[in-house]
Amino acid sequence: MKYLTTFIKKSAMRTIRGFTIFVAIFILFIPALSVGAEPLKPALGDDDEILTPKPNPAPRINGPLVYGCRPDHPFLYRIPCQGERPIHFSVKGLPPELKLDPTAGIITGKTPAKGEYSMLIHANNSKGKDQRQFKLVAGDQLALTPPMGWNHWYAHYDRITDKMMREAAIAMISSGMADVGYHYVNIDDCWMNAPKNNDPLRVGPLRDEQGNIIPNKHFPNMKGLTDYIHSTGLKAGIYTSPGPLTCGGFTGAWQHEEQDARQFASWGFDFLKYDWCSYGDLAGKNVDLEGFQKPYRKMGKILKSLDRDMVFNLCQYGMGDVWKWGGEVDAHSWRTGGDLGFELDRIFDVALKNAQIGQFNKPGEWNDPDYIQIGWIGNANKMGIPELTPMPANMQYAYMSLWSLLAAPLIYSGDMSKLDPFTLNILCNPEVIEVNQDPLGKCGEVMNRSKECFLMVKKLADGSIAVGLFNRGKNKADISMTWSELKISDGHQVRDLWREKDLGVYKEKFSALVPSQGVVMIKISK
Ligand code: GLA
């Protein structure tokens, strides 16, 4: 009920408005932004503005600057690149073990021996060209930048099918999401059989005579599914729990951990989300630290012994301060709290809580505040069918900015078959994403401005700083900062990241009028 008015307004208006309004807003607001050394006023309006400029027809290569993988394992990387197709790709310094498809921009092969391989990716089309550094780090570490992708949970819950997963992969490509770096296409719970379920197609034998887990009838061919996802250049993720049953009441990995992990690898999965549900009954009431760690340590070891790279995502809601030991059990990310779907009205609080444990974030080890739930999502309380989010537009900008500044995994969890232009504008701004994917892997630090306003300040590898100016209040608010507070010298260039627009050189301070529940996100560079 809370955002009912906004919701009705949005649903009805979004399709009618569109391009005309987009142009009008640009004409009205952008001149007010290009004010050089003066404070930025006004910033965002309160309406559903599309701020991210449409990608240029000329190529723009995106994606991480560093990429971790393990020697001699299968390698797959689709170069994220915006621009009109056909694009011709080439890579200088590509190790001989790897092969590039120059039209698809997909690199495949075997990861070379331990070491660092610096490459230069080139892309050109009839409209222009681009190049970008890419360092492959072959060694022990994966997920050197926060994982990006899609997970089915908040859209499809226990309705997920093989067909929907394949369609999601195609939508990730056709929507342009893959061109800014999203690449994991992840199944959550409910792909296995359950002892009982309303859907008879999800009930059946849990395992075969050899103990191999049996997918339910909605997933007739797991290897076929990952082959399909991989053929698009994307990667595939899967879910299970260390308990006998998953949170949804489906078969878990208990007493079959190694067998299941090997099965996932032979099916071709690249990512495992490992829950806790029903393991709690085995662990008992007074679980000590070792008790919390035990199932994850076990699975971490198993995954490391596999002959393919599998990113390991813990989902135990932050118990036992998981951020302090997640890396030690070979995990790459860990949920820091309960399901965000139940507290979408608290994204600021959740983000601030994550910032408090930001020092535990580093390349290969990420705090995970849960998925990006915008666009068409199914209400978590009802496991509902997807509806357009009632979240105000400004809060959606804030949500994506917070997750980017936190260096949180960017996993979208809305309906991929209903990606509207506004949602894609939030999900696919390459400059905002670049802040998230920065190789330093720093989590932003919070500087309070007032009871309702705060800055989130993230140091970037190139020496520049990304800052989100956030306003949780009911009214617009003027938020300011001085360069001396940020411990930087005088005279810095400021760029509005959502608008991808230089605002000018600011001598010693910057301020902006920030909309209610919204953000202005900037990059400050020398
Ligand atoms: C838990 C997790 C969710 C989802 C469901 C599946 O609630 O936190 O992210 O995986 O289980 O049942």
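1. Concerning the pattern of salt bridges
Within this structure, the stated rule accounts for 32 salt bridges. Notably, a salt bridge pairs E434 with R132, separated by 3.0 Å at the nearest N-O pair. Of this pair, E434 sits in helix α12 (residues 430–436) while R132 sits in strand β9 (residues 128–138), and the two are 302 residues apart along the sequence. Here the residues in one salt-bridge network are E343, R346, D349 and R472, joined through shared partners.

2. Considering the site of the ligand
Every residue close to the ligand is listed here: W153, D188, D189, Y239, C247, G248, K273, D275, C315, Y317, R335 and D339. Between the ligand and D275 there is a distance of 3.1 Å, counted from an oxygen atom to a side-chain nitrogen or oxygen. Contact distances for the ligand include 3.1 Å between an oxygen atom and a side-chain N or O atom of R335. Bound to the protein, the ligand loses 93% of the 310 Å² it would expose on its own.

3. So, the nonpolar core
If you look at the biggest cluster of nonpolar residues, it comprises 107 residues, and the most contacted ones within it are M177, Y182, W191 and W403. Here the element with the most residues in this core is helix α10 (residues 393–406); it accounts for 10 residues. Looking at which domains feed residues into this core, each of domain 1 (2–24 + 143–436) and domain 2 (445–525) gives three or more. Among the nonpolar cores identified, the runner-up in size contains 21 residues, and C453, V467, V514 and I522 belong to it.

4. Considerations on the pairing of strand β20 (residues 445–448)
When β20 meets strand β21 (residues 453–459), the two strands line up antiparallel, connected through four bridges. For V446, the partnering residue across the bridge sits in β21 and is M456. Two successive antiparallel strands, β20 and β21, enclose a turn made up of four residues.

5. Comments concerning the domain arrangement of the protein
Per the domain assignment, the segments of the protein are domain 1 (2–24 + 143–436) and domain 2 (445–525). At the junction of the two partners, domain 1 supplies 25 residues and domain 2 supplies 21 residues. For the pairing of domain 1 and domain 2, the buried interface totals around 2,000 Å² over both sides, and the portion due to carbon and sulfur atoms is 71%. Looking only at domain 1, the three residues that lose the most surface to domain 2 are F348, L405 and E431, adding up to 33% of its buried area. Applying the counting criterion to the domain 1 and domain 2 interface returns two salt bridges.

6. Structural notes on empty space enclosed by the protein
This model, assessed by the stated rule, comprises five cavities of 30 Å³ or more. Approximately 200 Å³ is the volume attributed to the largest cavity. In terms of lining, the largest cavity is formed by 20 residues, of which the most central are Y67, G68, A143, H183 and Y184. Here the element with the most residues in the lining of the largest cavity is strand β2 (residues 66–69); it accounts for three residues. Here the lining of the largest cavity is built from residues that sort into 12 nonpolar, five polar and three charged. As a volume, the second largest cavity reaches approximately 110 Å³. Of the residues forming the lining of the second largest cavity, the biggest block, three residues, is contributed by strand β3 (residues 74–78).

7. Side note on the environment of R85
Note on placement: R85 falls in the loop between β4 (81–82) and β5 (88–92). Relative accessible area serves as the criterion here: at 36%, R85 is assigned to the partly exposed category. In this structure, the C-alpha to C-alpha distance between R85 and H218, residues 133 residues apart in sequence, is 34 Å. Setting aside its immediate chain neighbours within four residues, R85 contacts R78 and D179. At a separation of 2.7 Å, a polar atom in the side chain of R85 contacts the main-chain carbonyl oxygen of C81. At 3.1 Å, the side chain of R85 forms a polar contact with the backbone oxygen of G83.

What counts and how
- Residues numbered from 1 in each chain as written.
- Predicted model: local features only at pLDDT ≥ 70, side-chain atom pairs only at ≥ 80, totals over all residues.
- Heavy atoms only, no water.
- Salt bridge = Lys/Arg side-chain N within 4 Å of Asp/Glu carboxyl O.
- Helix = DSSP H or I, 4+ residues; strand = E, 2+ residues; numbered from the N terminus.
- Near = heavy atom within 4 Å.
- Polar contact = N/O pair within 3.5 Å; in protein donor to acceptor, adjacent residues only side chain to side chain.
- Areas by Shrake-Rupley, 256 points an atom, 1.4 Å probe, with all protein chains shown as cover.
- Core = buried A, V, L, I, M, F, W, Y, C linked by side-chain atoms within 4.5 Å.
- Buried < 20%, exposed > 50% of the residue type's maximum accessible area, 1.4 Å probe, protein only.
- Domains from an automatic or database assignment.
- Pairing = 2+ DSSP bridges.
- Contact = heavy atoms within 4.5 Å.
- Buried area = accessible area lost by both parts, 1.4 Å probe.
- 1 Å grid on protein atoms, 1.4 Å probe; cavity = no way out; pocket = protein on both sides within 12 Å on 5 of 7 lines; lining within 4 Å.
- Points joined across faces, edges and corners; volume = space filled by probe spheres on them.
- Nonpolar A, V, L, I, M, F, W, Y, C, P; charged D, E, K, R; others polar.

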